[in-house]
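Tertiary structure, described
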Amino acid sequence: MDTLEEQKSSLAGKQLTRREALDRRKRINRYKKILIWTCVIAILIPIIMCVFLLMKIHRLEKDIDNLLTMKESGQIVAQTDSTGGRYLVLVKDVDENERTTENITEKATEGSTEEVTQVPSEVVTQPVTKDEYTGKRAYLTFDDGPSENTIPILDTLNRYNVPATFFVIGKMDEQSKKLYKEIVDRGSTIGLHSFSHQYGSLYASVENFSADLAKIHDLVKETTGKDIKLFRFPGGSATTTNTVDIREIIKYLNTNGYKYVDWNVSSEDATGRNISPDEMARMVISQSLSCNSAYILMHDAKGKESTVQSLPAIIEELQANGYKFCAIDETTDKLVQQVKASEVQ
Ligand code: ZN
């Protein structure tokens, strides 16, 4: 009897131990799952956040690029109000004598003492030139090249037998060196647009500026044989990203026999917006028709195919309206300048 009881008790004990072991295993499995999921979440969250931040950085970089190109094309300018607050201002409509503006964003800089170059009315150009032509003139200008779009532009210019001016930057590859010469050989003129096109270093000091200018001057001289003394500021002469006073640089240009030119018509091909060739042509034509001398800002950098395609309509329409297409050089009279060189001593 005793033995049977003992056996029963022993069996019950064993069953209890097995259940406990089962429970323990379940508990361990549960802990394992919790641990695995914690690890997965701990890895996934930083990855997702990194991807999100990278996308945000990419978007911001594009915004900065767009703002810089808009600034360069004269679409936005920086201004200060009476309290010292600094604004970016969108230039909606460019006229020879007047700019209408609309605030697009405000950056609070309370107490800022930074001086901002004011944008004066653009110089009204008169068609008084060396060839005594007294009619309306159109000056096509292409900045930031040369690139793969330079030859298609030259082809179009040659087809219509009109010249243009290419404000070139520094490129050291053999193909680009040939393009500098090709521009000149095919009847257009070259202007210098800085070697680096880097606002930060270019405008950091007069010394930086003059070293950069010498570099692009010498490269163009070496490749074309031309001693070019025509310049266009990246961002225009009213650019406000300068660390150095732009008038100091203008004084340097005056002293060294350089002329510089801005623009009074913008194709808006540097805004980052996807503008169709038709729309671009319409904008250029309508702005040009209000100018006796239309200095047209365009770009022949990589990716400016719409600019290339807009050219025939621009040339045909402006010729139909009595405009003569001319190239700019150091002898061109009354160059359009937002900060007039003659007033900088
Ligand atoms: Zn440029």
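Criteria and cut-off values
Residues numbered from 1 in each chain as written. Predicted model: local features only at pLDDT ≥ 70, side-chain atom pairs only at ≥ 80, totals over all residues. Heavy atoms only, no water. Helix = DSSP H or I, 4+ residues; strand = E, 2+ residues; numbered from the N terminus. Buried < 20%, exposed > 50% of the residue type's maximum accessible area, 1.4 Å probe, protein only. Contact = heavy atoms within 4.5 Å. Areas by Shrake-Rupley, 256 points an atom, 1.4 Å probe, with all protein chains shown as cover. Axes fitted to C-alpha atoms, helices over the stretch in contact; angles between N-to-C directions. Parallel < 35°, antiparallel > 145°, perpendicular 65-115°, else oblique. Salt bridge = Lys/Arg side-chain N within 4 Å of Asp/Glu carboxyl O. Core = buried A, V, L, I, M, F, W, Y, C linked by side-chain atoms within 4.5 Å. pLDDT = per-residue confidence, 0-100. Patch = residues over 30% accessible without salt bridge, like charges linked within 9 Å, V, L, I, M, F, W, Y side chains within 5 Å. Lys, Arg positive; Asp, Glu negative; His and termini not counted. Charge placed at Lys NZ, Arg CZ, Asp CG, Glu CD. Expected span 1.5 Å × (residues − 1). Pairing = 2+ DSSP bridges. Right-handed = clockwise from strand over helix to strand, strands pointing away. Left-handed = near helix turned anticlockwise from the far one by under 90°. Nonpolar A, V, L, I, M, F, W, Y, C, P; charged D, E, K, R; others polar.

**Focus: the overall build of the protein chain**
If you tally the helices and strands in the protein chain, you get 8 helices and 11 strands. Classification of the 345 residues of the protein chain by burial places 45% in the buried group. Looking at the protein chain alone, contacts between residues at least 24 apart form 74% of all its contacts between residues at least 6 apart. Per element, the accessible surface of the protein chain, about 18700 Å² overall, is 54% carbon and sulfur.

**With respect to unusual backbone geometry**
Of the consecutive residues G145 and P146, the connecting peptide bond is found in the cis state with omega at 0 degrees. Note that P146 resides in the loop between β4 (136-143) and α2 (150-160). For D144, which is not glycine, the phi dihedral falls at a positive 75 degrees. Note on placement: D144 falls in the loop between β4 and α2.

**Details of the packing of helix α3 (residues 174-185) against helix α5 (residues 206-224)**
Between α3 and α5, the shortest axis-to-axis distance is 8 Å and the interhelical angle comes to 70 degrees. Looking at the two axes, α3 sits roughly perpendicular to α5. Counted together, K177, Y180, K181 and V184 of α3 and L219, E222, T223 and T224 of α5 form the full contact between these two elements.

**Considerations on the pattern of salt bridges**
Taken as a whole, this structure holds 9 salt bridges when the rule is applied. Of the charged contacts, one joins K181 and D185 as a salt bridge, the two residues approaching to 3.1 Å between their closest N and O atoms. On the criterion of helical spacing, the pair formed by K181 and D185 is a turn pair, its members being 4 residues apart in helix α3. Its relative accessible area of 54% is what places D185 among the exposed residues. Residues E268 and R273 are paired through a salt bridge, measuring 3.2 Å at the closest nitrogen-oxygen approach.

**Quick word on the nonpolar core**
Counting 62 residues, the largest nonpolar core has L140, L157, F166, F231, F233 and I296 as the members making the most contacts within it. Element by element, the count of residues in this core is highest for α5, at 6 residues. Setting aside anything within four residues of it in sequence, one finds F231 in contact with F167, L192, H193, S194, F209, L213, L253, Y258, K259, Y260 and V261.

**A short note on the confidence of the model for the protein chain**
Per-residue pLDDT for the protein chain averages 82, and the proportion of residues at 70 or more is 79%. With pLDDT under 50 throughout, residues 79-87 is counted as low confidence; its partners more than four residues away or in other chains account for 25 contacts. A low-confidence stretch, residues 89-129 (pLDDT under 50), is modelled with 101 contacts involving residues beyond four sequence positions or located in other chains.

**Structural notes on a positive patch on the surface**
Judged by side-chain charge, R24, R25, K26, R27 and R30 come together as a positively charged surface patch. Topologically, R30 is positioned in helix α1 (residues 2-72).

**Points about helix α7 (residues 277-288)**
Spanning 12 residues, α7 covers 16 Å between terminal C-alpha atoms, matching the ideal 16 Å at 1.5 Å per step. What α7 keeps buried is the set P277, M280, A281, M283, V284, I285, Q287 and S288.

**Quick look at the pairing of strand β6 (residues 189-192)**
The alternating pattern of β6 places T189 and G191 and I190 and L192 on opposite faces, both of which are buried. As judged from the 4 bridges shared by strand β5 (residues 165-168) and β6, these two strands associate in the parallel manner. In the strand pairing of β6, F166 is matched with I190. At this point the chain moves from β5, through α3, to the parallel β6, and the crossover so formed is right-handed.

**Some points on the packing of α5 against helix α6 (residues 246-255)**
For the pair α5 and α6, interaxial distance at closest approach is 10 Å and the crossing angle is 45 degrees. By the criterion of interaxial angle, the relationship of α5 to α6 is oblique. Crossing hand, α5 versus α6: right-handed. Between α5, through V206, F209, S210 and L213, and α6, the contact on the second element is made entirely by E248, I249, Y252 and L253. Residue composition of the contact of α5 with α6, by class: 6 nonpolar, 1 polar and 1 charged.

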